[in-house]
Amino acid sequence: MSFGKINICLFSQDKDKITFKDVAGLKESKEELEEVVDFLKNPKKFLDIGAKIPRGVLLMGPPGTGKTLLARAVAGESNVPFFHLSASEFVEMFVGVGASRVRDLFQTAKKAAPSIIFIDEIDAVGRERGAGLGGGHDEREQTLNQILVEMDGFERDTNVIVMAATNRPDILDQALLRPGRFDRRVLLDMPDLHDREDILKIHAKGKPFDESVNLKVVATRTPGFSGADLANLLNEAAIVTARAGRKKVTQDDILNSIEKVLLGPARRSRVTIQKEREITAYHEAGHALVAATLKDSDPVHKVTIISRGMAGGYTLKLPIEERRLKTKAQFLADLAVSFGGYAAESIIFKDVSTGSSSDIQYATDLAHKAITRYGMSDVIGPRTLGKNHELMFLGREISSEKDYSEKTGEMIDSEMNVIMKKSLETAKKIITTNKDTLDIIARKLMENETIEQEEFNEIIKASGIKQIVMK
Ligand code: ATP
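As a starting point, this report considers the structure included with it. Since this is a predicted model, take the numbers as computed values, not measurements.

1. Remarks on the pattern of salt bridges
Applying the stated rule across the entire model yields 16 salt bridges. With a shortest N-O distance of 2.6 Å, Lys326 and Asp334 are connected by a salt bridge. According to the relative accessible area criterion, Lys326 is partly exposed, its value standing at 32%. Among the residues examined, Asp334 registers a relative accessible area of 10% and is labelled buried.

As structure tokens, then:
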């Protein structure tokens, strides 16, 4: 019976050694962790002066930002064994198995001390106890308690550091975060432009690039990509190159892979009837034209009617610079751009198609958030409306508790209608005023399927379109 034993993954230090050099960006996170490396290497220095060795380090950050990588780098830098497992592996069908596995894990790590235990997805067992749907979950609670007991039981000089990763620090049990437990918290952020370029450089190793490749341009085109996405992107580009029987990866391979990663593979073989092609061309031209006209919208990088994934065509807009905040003006511009396709269809064909459904959904969500989360409605003012509840195991938003009156509910509805209508009116006005330009863009799309940024900018410039601010 090996129920109580755990399948721990131990990285051999020589073969897969990872150090801080293999982790791009994350400067502050690395600086924080250097201290941990120092503790592991020279515990005596700290013990002699009466300092306690830190027990738990919690790495927090969105998925794919390099939490596991960084934990392995700490082990690599300090040259200690690294025991890696995912918290979901603790929890099985039988009650008590998790706790026994925790004991087993800590025992093994203590024998190998100095060492690092890395528990991935700690939120799988470390959610606030007693919270959530369907009452408590005994097995999870017991497992969590056992982790806490083990960490409390460390002697002052036990040289085992527990590192854990989560992308949901907000739902963790407070007991985990108390001093003596996971009291060190390291935040990992999504990479910015410069970091993205560095991550790309790391993953470019071993892939022969043609001289056309410019990783800086790739970095500018990938805002919102995590380290894992970027690694995946270069891998996709290498696969495409190998499948085409070529020896070197080109810039085009990489740029095409960006769209593949974002939207799914291109579906060139999808047969479209002429009429649908025309509707799609005008629809995309509508988005692009509104985006180019509104000052607060991001610039258009590409417009295409080649279908990808679920999208019939798409307009790729990217911010000029990294942004952490979004203003009300940008929200409104975004709304108008998302109605660009719908507006173009209704003006040109005097009819609308199902092609706008995802745009409408996006616009509705955006308007709802602007009003109920960001206080962007003058009528309602700055107030959070509705409390969100999370589903225990999937971590998804499933319901929203109404914490406002019927009357406020009606106000939200009417405000949503007001700003959405206003955005649609703006989109329609832009399209009616610049109908000739819309025709030029749509015709070009029907001819060549894709318009790249330069050509698009030339069309806009030649048409003498002046940028406006939405009021
Ligand atoms: P999850 O929350 O999904 O477990 P994670 O934050 O643990 O994700 P990792 O597994 O560490 O993410 O990262 C996945 C891969 O992405 C790494 O193996 C690495 O190839 C790449 N990666 C992520 N961040 C970086 C970075 N800063 N530098 C270099 N590579 C990175």
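Still more ground to cover, so stick around.
2. A short note on helix H9 (residues 227-243)
For the α-helix, the turn length of 3.6 residues means that residues three or four positions removed from each other point alike. For H9, spanning 17 residues, the distance from its first C-alpha to its last is 25 Å, which sits close to the expected 24 Å at 1.5 Å a residue. Of all the positions in H9, only Gly227, Leu230, Leu233, Leu234, Glu236, Ala237 and Thr241 are classed as buried.

3. Comments concerning the packing of helix H11 (residues 274-293) against helix H15 (residues 406-433)
Look at H11 against H15: their axes get within 10 Å of each other, and the N-to-C directions meet at 95°. With respect to each other, H11 and H15 are oriented roughly perpendicular. Every residue of H15 that contacts H11 at Gly286, Leu289, Val290 and Thr293 is listed here: Ala427, Ile430 and Ile431. Across the contact of H11 with H15, the residue classes tally to five nonpolar, two polar and no charged.

4. As for the site of the ligand
Around the ligand, the structure places 17 residues, and the nearest of them are Ala24, Gly64, Lys67, Thr68 and His203. One nitrogen or oxygen atom from the side chain of Lys67 is found 2.9 Å from an oxygen atom belonging to the ligand. A distance of 3.3 Å separates an oxygen atom of the ligand from a polar backbone atom of Ala228. When contributions to the shell around the ligand are tallied by element, the ones reaching two or more residues are helix H3 (67-78), helix H7 (193-204) and H9.

5. Concerning the nonpolar core
The biggest cluster of nonpolar side chains holds 50 residues, and the ones touching the most others in it are Leu289, Val290, Ile431, Ile441 and Phe456. Elements supplying a minimum of two residues to this core: H11, strand S7 (300-304), helix H12 (328-338), helix H13 (340-348), helix H14 (357-372), H15, helix H16 (435-448) and helix H17 (453-462). Apart from the residues within four sequence positions on either side, Val290 is in contact with Ala336, Val337, Gly340, Ala427, Ile430 and Ile431. Grouped together as the second largest cluster of nonpolar side chains are 28 residues, Phe20, Val23, Phe39 and Ala165 included.

6. So, the environment of Arg181
As for its position among the elements, Arg181 is in the loop between strand S5 (160-166) and strand S6 (184-187). Using a relative accessible area of 8% as the deciding quantity, one classes Arg181 as buried. Among all residues touching Arg181, those that are not within four sequence positions of it are Arg55, Gly56, Leu148, Met151, Asp152, Ala175 and Leu176.

7. Points about the packing of H11 against H13
One way to put it is that H11 packs onto H13 with a least axis distance of 7 Å and a crossing angle of 125°. Relative to H13, H11 is oriented oblique. Pair H11 / H13 crosses with right-handed handedness. Between H11, through Ile279, Tyr282, His283, Gly286, His287 and Val290, and H13, the contact on the second element is made entirely by Gly340, Gly341, Tyr342, Ala344, Glu345 and Ile348. Broken down by class, the residue content of the contact of H11 with H13 amounts to six nonpolar, five polar and one charged.

8. Considering unusual backbone geometry
If you check the backbone angles, Asn79 has positive phi at about 60° while not being a glycine. Along the chain, Asn79 turns up in the loop between H3 and strand S3 (82-86). At Glu121, a residue that is not glycine, the phi angle is positive and equals roughly 50°. Tracing the sequence through the fold places Glu121 in the loop between strand S4 (115-120) and helix H5 (123-126).

9. Things to note about the packing of aromatic side chains
Under the defined criterion, the tally for this structure stands at four aromatic pairs. Here Phe39 and Phe46 contribute two aromatic rings whose centre-to-centre distance is 4.1 Å and whose plane-to-plane angle is 45°, an arrangement assigned as tilted. Take Phe39: its relative accessible area is 5%, and that puts it in the buried class. Taking relative accessible area as the criterion, Phe46 reaches 17% and is therefore assigned buried. Arranged with centres 5.8 Å apart and planes meeting at 20°, the rings of Phe82 and Phe118 form a pair that is stacked. With Phe82 in strand S3 and Phe118 in strand S4, this residue pair connects regions lying 36 residues apart in the sequence. Across the pair, Phe118 and Phe82 agree in class, each one buried. One Lys or Arg, Lys326, reaches over the ring of Phe331 and ends 4.9 Å from the middle of that ring.

10. Some details on the pairing of S4
Extensive coverage of S4 is indicated by the burial of six of its six residues. Side-chain alternation along S4 places Ser115, Ile117 and Ile119 on one buried face and Ile116, Phe118 and Asp120 on a second face that is also buried. Here S3 pairs with S4 via five bridges, running parallel. The residue bridging His84 from the neighbouring strand is Phe118, located in S4. As judged from the five bridges shared by S4 and S5, these two strands associate in the parallel manner. Looking at S5, one finds that Ile119 is bridged to Ala164.

Calculation notes
Residues numbered from 1 in each chain as written. Predicted model: local features only at pLDDT ≥ 70, side-chain atom pairs only at ≥ 80, totals over all residues. Heavy atoms only, no water. Salt bridge = Lys/Arg side-chain N within 4 Å of Asp/Glu carboxyl O. Buried < 20%, exposed > 50% of the residue type's maximum accessible area, 1.4 Å probe, protein only. Helix = DSSP H or I, 4+ residues; strand = E, 2+ residues; numbered from the N terminus. Expected span 1.5 Å × (residues − 1). Axes fitted to C-alpha atoms, helices over the stretch in contact; angles between N-to-C directions. Parallel < 35°, antiparallel > 145°, perpendicular 65-115°, else oblique. Contact = heavy atoms within 4.5 Å. Nonpolar A, V, L, I, M, F, W, Y, C, P; charged D, E, K, R; others polar. Near = heavy atom within 4 Å. Polar contact = N/O pair within 3.5 Å; in protein donor to acceptor, adjacent residues only side chain to side chain. Core = buried A, V, L, I, M, F, W, Y, C linked by side-chain atoms within 4.5 Å. Left-handed = near helix turned anticlockwise from the far one by under 90°. Phe/Tyr/Trp six-rings, centres within 6.5 Å; stacked < 30°, edge-to-face > 60°. Lys NZ or Arg CZ within 6 Å of the ring centre and 35° of its normal. Pairing = 2+ DSSP bridges.

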